[in-house]
Amino acid sequence: MNNDIKGICLFLGLIGLGYVALLILVALLTGAKVIKSIMFISIFSTFLISLGLTPQVKNRLSNYLKSLNYKKFV
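Throughout what follows, the structure given in this document is the object of discussion. (Residues numbered from 1 in each chain as written. Predicted model: local features only at pLDDT ≥ 70, side-chain atom pairs only at ≥ 80, totals over all residues. Heavy atoms only, no water.)

Here the focus is the overall build of the chain. Within the chain, the secondary structure is distributed over 4 helices and 0 strands. Walking the chain from its N terminus toward its C terminus, one meets helices and strands in the order α-α-α-α. By the compact-globule yardstick of 11 Å for 74 residues, the chain is too spread out, its C-alpha radius of gyration being 15 Å. Across the 74 residues in the chain, those meeting the buried criterion constitute 18%. (Helix = DSSP H or I, 4+ residues; strand = E, 2+ residues; numbered from the N terminus. Rg over C-alpha atoms; globule rule 2.2 N^0.38 Å. Buried < 20%, exposed > 50% of the residue type's maximum accessible area, 1.4 Å probe, protein only.)

Below, the structure is given as structure tokens:
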């Protein structure tokens, strides 16, 4: 995939996750029921971010997540 397209996917994915954070804040403050849209936008944004990442970055992230233990957080 072209590097420009990867950059656009990362950019749109991060904007989507920012929008999800804003929706969660609005839902907490007003009590609005926007759970379905939050879930859809977060899943789509995560998909866009995963498209934009290179395989090396994906491997590093997965290795880092595997190295985390529950005991580190307790």
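To continue, consider a nonpolar patch on the surface. A cluster of nonpolar side chains, contributed by Met1, Ile5, Phe40, Phe44, Phe47 and Leu51, occupies part of the molecular surface with about 630 Å² of accessible area. Among the secondary structure elements, Ile5 is positioned in helix α1 (residues 3–30). (Patch = residues over 30% accessible without salt bridge, like charges linked within 9 Å, V, L, I, M, F, W, Y side chains within 5 Å. Areas by Shrake-Rupley, 256 points an atom, 1.4 Å probe, with all protein chains shown as cover. Salt bridge = Lys/Arg side-chain N within 4 Å of Asp/Glu carboxyl O.)

Overall, the coordinates contain 1 aromatic pair when judged by the stated rule. Judged by centre distance (6.4 Å) and plane angle (10 degrees), the rings of Phe40 and Phe44 are stacked. Here Phe40 pairs with Phe44, and both are found in helix α2 (residues 35–52), just 4 residues apart, close to one helical turn. (Phe/Tyr/Trp six-rings, centres within 6.5 Å; stacked < 30°, edge-to-face > 60°.)

So, about the environment of Val34. With respect to the secondary-structure elements, Val34 resides in the loop between α1 and α2. Considering only alpha carbons, one finds Val34 and Ile5, 29 residues apart in sequence, at a separation of 30 Å. Every residue in contact with Val34, bar those within four places of it in the chain, is listed here: Leu23 and Ala27. (Contact = heavy atoms within 4.5 Å.)

Turning to α2, a few remarks are in order. Compared with an ideal rise of 1.5 Å per residue, which puts 18 residues at 26 Å, α2 spans 26 Å between its outermost C-alpha atoms and is within 8% of the ideal. Along its buried surface, α2 packs onto α1. (Expected span 1.5 Å × (residues − 1).)

A word on the environment of Ile38. Locating Ile38 in the fold gives a position in helix α2. Residue classification places Ile38 among the buried positions, given a relative accessible area of 9%. Here the alpha-carbon distance between Ile38 and Tyr64, two residues 26 residues apart in the chain, equals 27 Å. Leaving out residues up to four positions away in the same chain, Ile38 has contacts with Val20, Leu23 and Ile24.

With respect to the helices and strands, the residue Lys6 is situated in helix α1. Despite being buried, Lys6 has no salt bridge partner; Asp4 is the closest side chain of opposite charge, sitting 11 Å away. (Lys, Arg positive; Asp, Glu negative; His and termini not counted.)

Interaxial distance between α1 and α2 falls to 7 Å at its minimum, and their mutual angle equals 155 degrees. Judged by the inter-axis angle, α1 sits roughly antiparallel to α2. The element α1 and its partner α2 pack so that their crossing is left-handed. Where α1 abuts α2, its residues Lys6, Cys9, Leu10, Leu12, Gly13, Leu14, Gly16, Leu17, Tyr19, Val20, Leu23 and Ile24 lie against Ser37, Ile38, Ile41, Ser42, Ser45, Thr46, Leu48, Ile49, Leu51 and Gly52. Split by residue class, the contact of α1 with α2 holds 14 nonpolar, 7 polar and 1 charged. (Axes fitted to C-alpha atoms, helices over the stretch in contact; angles between N-to-C directions. Parallel < 35°, antiparallel > 145°, perpendicular 65-115°, else oblique. Left-handed = near helix turned anticlockwise from the far one by under 90°. Nonpolar A, V, L, I, M, F, W, Y, C, P; charged D, E, K, R; others polar.)

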